Amino acid sequence: MPKKYEIPLFLANLLTQETYDTWLRRKAQAHVKRDRKRGNSEATGKIYSTAIHSAVIESQGKDAYTGEILNWKLISQYDNKSSKKGGRSYRHKFALLPTVDHVGDGMGAPDFKICSWRTNDSKNDLSLNEFTDLCKKVLRRQGYSIVDIEKKNRRIK
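The sections below set out a description of the structure shown in this document.

Quick notes on the rules
- Per chain, residue numbering runs from 1 following the sequence as it is written.
- The predicted nature of this model means local features are confined to residues of pLDDT at least 70 and side-chain atom pairs, given and counted, to a pLDDT of 80 or more, with totals for whole chains, interfaces and linings taken over all residues.
- Hydrogens and water molecules were not included; the side-chain quantities draw on all heavy atoms of the structure.
- Helix numbers and strand numbers start at the N terminus; a helix is a DSSP run of H or I with at least 4 residues, a strand a run of E with at least 2.
- Any pair of residues with heavy atoms lying within 4.5 Å of one another is described as a contacting pair.
- Aromatic rings from Phe, Tyr and Trp, taking only the six-membered ring of Trp, are treated as a pair when their centres fall within 6.5 Å; an angle between ring planes under 30 degrees marks them as stacked, one over 60 as edge-to-face, and anything in between as tilted.
- Exposed residues in this analysis have more than 50% of their type's maximum accessible area, buried residues have under 20%, and partly exposed residues fall in between, with area computed by a 1.4 Å probe over protein chains only.
- Paired strands are those between which DSSP finds at least two bridges.
- Throughout, nonpolar core names a set of buried Ala, Val, Leu, Ile, Met, Phe, Trp, Tyr and Cys residues whose side chains join them through atoms within 4.5 Å.
- Salt bridges are counted wherever a side-chain nitrogen of Lys or Arg sits within 4 Å of a carboxyl oxygen of Asp or Glu.

Regarding the side chain of H31
- One can find H31 in helix α1 (residues 17–37).
- Beyond its immediate sequence surroundings of up to four residues, H31 is in contact with Y48, I52, V100, H102 and F112.

Put into C-alpha cells, the structure is as follows:
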C-alpha cells in the first residue's frame, strides 16, 4: 500500500522514507506551532504536511528562488552542539540544506516553497518582490547591471 507522503522519485536514492517522513512531520509541526501563535486556529499538521509535501514535489529538489540543487542528504544532520563549537564555518556547510519557506503571513491557507537554508535565512520575512528588490540593490551596489545579467542568462539558456 502506498504511503500518504511517498518520497518523491528524485529523492529515492538520497533519503529513506523514514527520514523523509520525520523531516516532513517536524517541518509541519514547526510551522503549525508558529502560525497558531500568530492566530491561525485552522493550522493543522495534516494540512501543513500535505502542503509541504506538494512544495517538495514542485521543487524537484531545487531551491525555488535560486534554482540551486539542494543537498537533501543534509536533512537531520544539523547538530546544535557542533554549531556552537564550529560557529559560522559549521553553519556554512549547511547552506544548501533544504528547508521550508512560508510564502504568506501564515494566516490563510498554507503556501510553502522549498529553498536552501541560506536563501531562507536571507529572505527572512520578505515577500518575493521585496527579496528580489533587495537582491537587485546588492548587485547594483557591487557594480553589476541587472540588464547585463538578464542578457547573459538568456545566452546561457
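Some thoughts on the packing of aromatic side chains
- Taken as a whole and judged by the stated rule, the model has nine aromatic pairs.
- Considering the side-chain rings of Y65 and F131, the 6.3 Å spacing of their centres and the 75° angle between planes classify their relative orientation as edge-to-face. In this pair, Y65 is assigned in the loop between α2 (45–59) and α3 (80–92) and F131 in helix α5 (residues 128–141), connecting sequence segments 66 residues apart.
- Y65 gets classed as partly exposed once you look at its relative accessible area, which sits at 23%.
- One aromatic cluster is present, built from ring pairs that chain together F10, Y20, W23 and W72.

Side note on the pairing of strand β2 (residues 112–116)
- A large share of β2 lies buried, amounting to four of its five residues.
- Two elements, strand β1 (residues 98–102) and β2, share five bridges in a ladder whose sense is antiparallel. Paired with D101 across the two strands is K113, which belongs to β2.

Observations regarding the nonpolar core
- Judged by nonpolar contacts, the single largest core of 21 residues is most densely connected at Y20, W23, I52, V56, W72 and I114.
- Mapped onto this core, the elements with two or more residues apiece are α1, α2 and β2.
- Apart from residues lying up to four places away in sequence, W72 is in contact with L11, L14, L15, W23, V56, S59, G61, P98 and I114.

Description of the pattern of salt bridges
- Scanning the model with the defined rule gives four salt bridges in all.
- E58 is the partner of K113 in a salt bridge, and the nearest nitrogen-oxygen pair spans 3.1 Å. With a gap of 55 residues between them, K113 in strand β2 and E58 in helix α2 connect regions that are remote in the sequence.
- For K113, a relative accessible area of 27% corresponds to the partly exposed category.

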